[in-house]
Amino acid sequence: MTITQLSHVAMEMGVILLSNGAETYRVEESMHRICIALGAKEVEIFVVPATIILSVTLEGEVPLTRTRRIHSRIIDLTKVSEINHLSRQICYEPTNYKDLIAEIRRIDTIPSYPYYLHVLAFAFISQMFTLFFGGSLVDSGIGFLIGIGIKLQMDIMGRFEANVFFTNIVGGLIASTVAVTATGLGLTTNMNTIIIGSIMTLVPGLAITNSIRDIIAGDYLSGLTKGIEALLIGAAIAAGVAVPLSLLRPFWGG
Amino acid sequence: MNYIAPCLYAFGASLAFAIVFNIPRNKLLLSALGGLLGQLVYVVFQLIIGNDVILYLLATIAISLYAEVMARLTKSPTTIYLAVALIPLVPGGGIYYTMLYFINGEMDLGITTGVHTLLISGALAVGIIMISSTVNLVRKVMLGSSLKIGKKLKHGKNA
């Protein structure tokens, strides 16, 4: 395998890992493992949430450095799991370039769950958490509707590439507006429960987990970046929820 | 019933979050079980411990242990189990009430609730750190006994 092919394979796998929600150390470790297994003499890798820098040296060849900027990050842990599995497999049995690229393409195009299931999942999260925090069945129904609304809103704003904080502000806004209105119309008395339950759909669970795990692994740069992201998303949700609470409540007499 | 219902709701919410995170089909139920486990530990220890920061710490320790064990058993990343199970423990109510008190002009209550929420978040972080670090240490000690693998580890930053 030539140095170009080797770095290409490693970089493709790293990009899939990083852009689908793997921790920083997992990306670095997997890429390192692959390069050594495929015959590299020296490998240096540096990963931050938006960039991968890879430098490979083969015996008797000029070193090669590649950089890749990650533009969009989504969450698809199936791909992370599959690439993780593939990187372990390469260490046990060497594979040729063509097969590896084909396998990486296959993993990259694994379909995620169908769209309606994602919408239902959001609605279900919202409903379950409303019940979890002590809401009644009617409350959970309202939570169900808010969950659908938030998912649709996130996708529409995602299509226009709105930034994540603005998306979360609007998400909080929707949850709070619907809950305050429902309370004003006399449908329910548990306004707080409904709002808490439905904003749980916006909680950045993976960012929190990954930031803590990155910091344990010693990747302070990535860990702090993700931690700040999680913190700002939390603040954005609170800000979004606060607007209808202050503006609409006097109107409904709450 | 008061004790079981929250666990079931946490299970349902975790299952839905597992779908949102696109977790592999065959691991959906296993990862959602983590959410149930966290809530179960919280509810059970509630009978003897009154301080809820400690309760959150214990629940996080339980789900971290579960995540590490399941990750080794199914040969998949720990995050799959940890991220999903952690969500029912995130203090969403605390964040909301902090904000609500500030809007209503009740500064004292707002600050008290805010600090309490921060402590709970700290408990979650400490719980994960304690278990992950211990597991890594144990793994390295066990691997280190075999010299061949010990050499391999030196190359990679194996965290």
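Residues numbered from 1 in each chain as written. Chains lettered and ligands numbered in written order. Predicted model: local features only at pLDDT ≥ 70, side-chain atom pairs only at ≥ 80, totals over all residues. Heavy atoms only, no water.

## Things to note about the nonpolar core
Most often, soluble globular proteins have nonpolar side chains that are buried together. Counting residues in hydrophobic clusters, the biggest one holds 104 residues, and the most contacted among them are Leu 54 and Leu 245 of chain A together with Phe 21 and Tyr 96 of chain B. With ten residues, the top contributor of residues to this core is helix H1 (residues 3–19) of chain A. Looking at this core, you find at least three residues from each of domain 1 (3–108) and domain 2 (115–252) of chain A. In contact with Leu 245 of chain A, not counting residues within four places along its chain, are Ser 176, Val 180, Met 191, Ile 195 and Pro 250 of chain A together with Tyr 96, Met 99, Leu 100 and Ile 103 of chain B. (Core = buried A, V, L, I, M, F, W, Y, C linked by side-chain atoms within 4.5 Å. Buried < 20%, exposed > 50% of the residue type's maximum accessible area, 1.4 Å probe, protein only. Helix = DSSP H or I, 4+ residues; strand = E, 2+ residues; numbered from the N terminus. Domains from an automatic or database assignment. Contact = heavy atoms within 4.5 Å.)

## A short note on helix H5 (residues 92–103) of chain B
Its twelve residues give H5 of chain B an end-to-end C-alpha distance of 17 Å, which sits within 8% of 16 Å, the value for a rise of 1.5 Å per residue. Among the residues of H5 of chain B, those classed as buried are Gly 92, Gly 93, Gly 94, Tyr 96, Thr 98, Met 99 and Leu 100 of chain B. If you follow the buried residues of H5 of chain B, they end up packed against helix H8 (191–199) and helix H10 (220–252) of chain A together with helix H6 (107–144) of chain B. Directly after H5 of chain B, the chain includes Gly 105 of chain B, whose backbone phi takes a positive value near 80 degrees. (Expected span 1.5 Å × (residues − 1).)

## Considering the packing of aromatic side chains
Applying the stated criterion to the full structure yields eight aromatic pairs over all chains. Ring centres of Phe 129 of chain A and Phe 132 of chain A lie 5.8 Å apart, and the angle between their planes is 85 degrees; this geometry places the pair in the edge-to-face category. Linking Phe 129 of chain A with Phe 132 of chain A, this pair stays in helix H5 (residues 115–132), spanning three residues, or about one helical turn. Aromatic pair Tyr 96 of chain B and Tyr 97 of chain B: ring centres 5.4 Å apart, planes at 70 degrees, arrangement edge-to-face. (Phe/Tyr/Trp six-rings, centres within 6.5 Å; stacked < 30°, edge-to-face > 60°.)

## Here we look at the side chain of Ser 222 of chain A
The topology assignment puts Ser 222 of chain A in helix H10. In this view, Ser 222 of chain A contacts Thr 24, Val 47, Val 48, Pro 49 and Asp 214 of chain A; residues no more than four positions away in its chain are not counted.

## Regarding the sheet that holds strand E1 (residues 42–48) of chain A
Residues and elements named next belong to chain A. The three strands lie next to each other as E1-E2-E3, forming an open sheet whose pairing is antiparallel. Looking along the sheet, the strands with just one partner apiece sit at the ends: E1 and strand E3 (64–69). On average, each strand axis in the sheet is tilted by 10 degrees relative to the strand beside it, whichever way the strands run. In this structure, strand E2 (residues 51–57) lies alongside E3, joined through six bridges in antiparallel fashion. For Val 56, the partnering residue across the bridge sits in E3 and is Leu 64. Running at roughly 160 degrees to E1, helix H2 (residues 24–37) makes contact with E1 and E2 of the sheet. (Pairing = 2+ DSSP bridges. Axes fitted to C-alpha atoms, helices over the stretch in contact; angles between N-to-C directions.)

## Remarks on the domain arrangement of chain A
Residues and elements named next belong to chain A. Here chain A is partitioned into domain 1 (3–108) and domain 2 (115–252). Computed from C-alpha coordinates alone, the two centres of domain 1 and domain 2 are separated by 34 Å. Contacts between the two partners involve 14 residues from domain 1, matched on the other side by eleven residues from domain 2. Interface area for domain 1 against domain 2, summed over the two sides, is near 890 Å², with a carbon-plus-sulfur share of 54%. Ranking the residues of domain 1 by area buried against domain 2 places Glu 23, Tyr 25 and Pro 49 at the top, with a combined share of 44%. Applying the counting criterion to the domain 1 and domain 2 interface returns two salt bridges. Notably, a salt bridge pairs Glu 229 with Arg 73, separated by 3.8 Å at the nearest N-O pair. Where domain 1 packs against domain 2, one counts five residue pairs in polar contact (both at pLDDT 80 or more). Top element by residues in the side of domain 1 that touches domain 2 is H2. It accounts for four residues. (Buried area = accessible area lost by both parts, 1.4 Å probe. Salt bridge = Lys/Arg side-chain N within 4 Å of Asp/Glu carboxyl O. Polar contact = N/O pair within 3.5 Å; in protein donor to acceptor, adjacent residues only side chain to side chain.)

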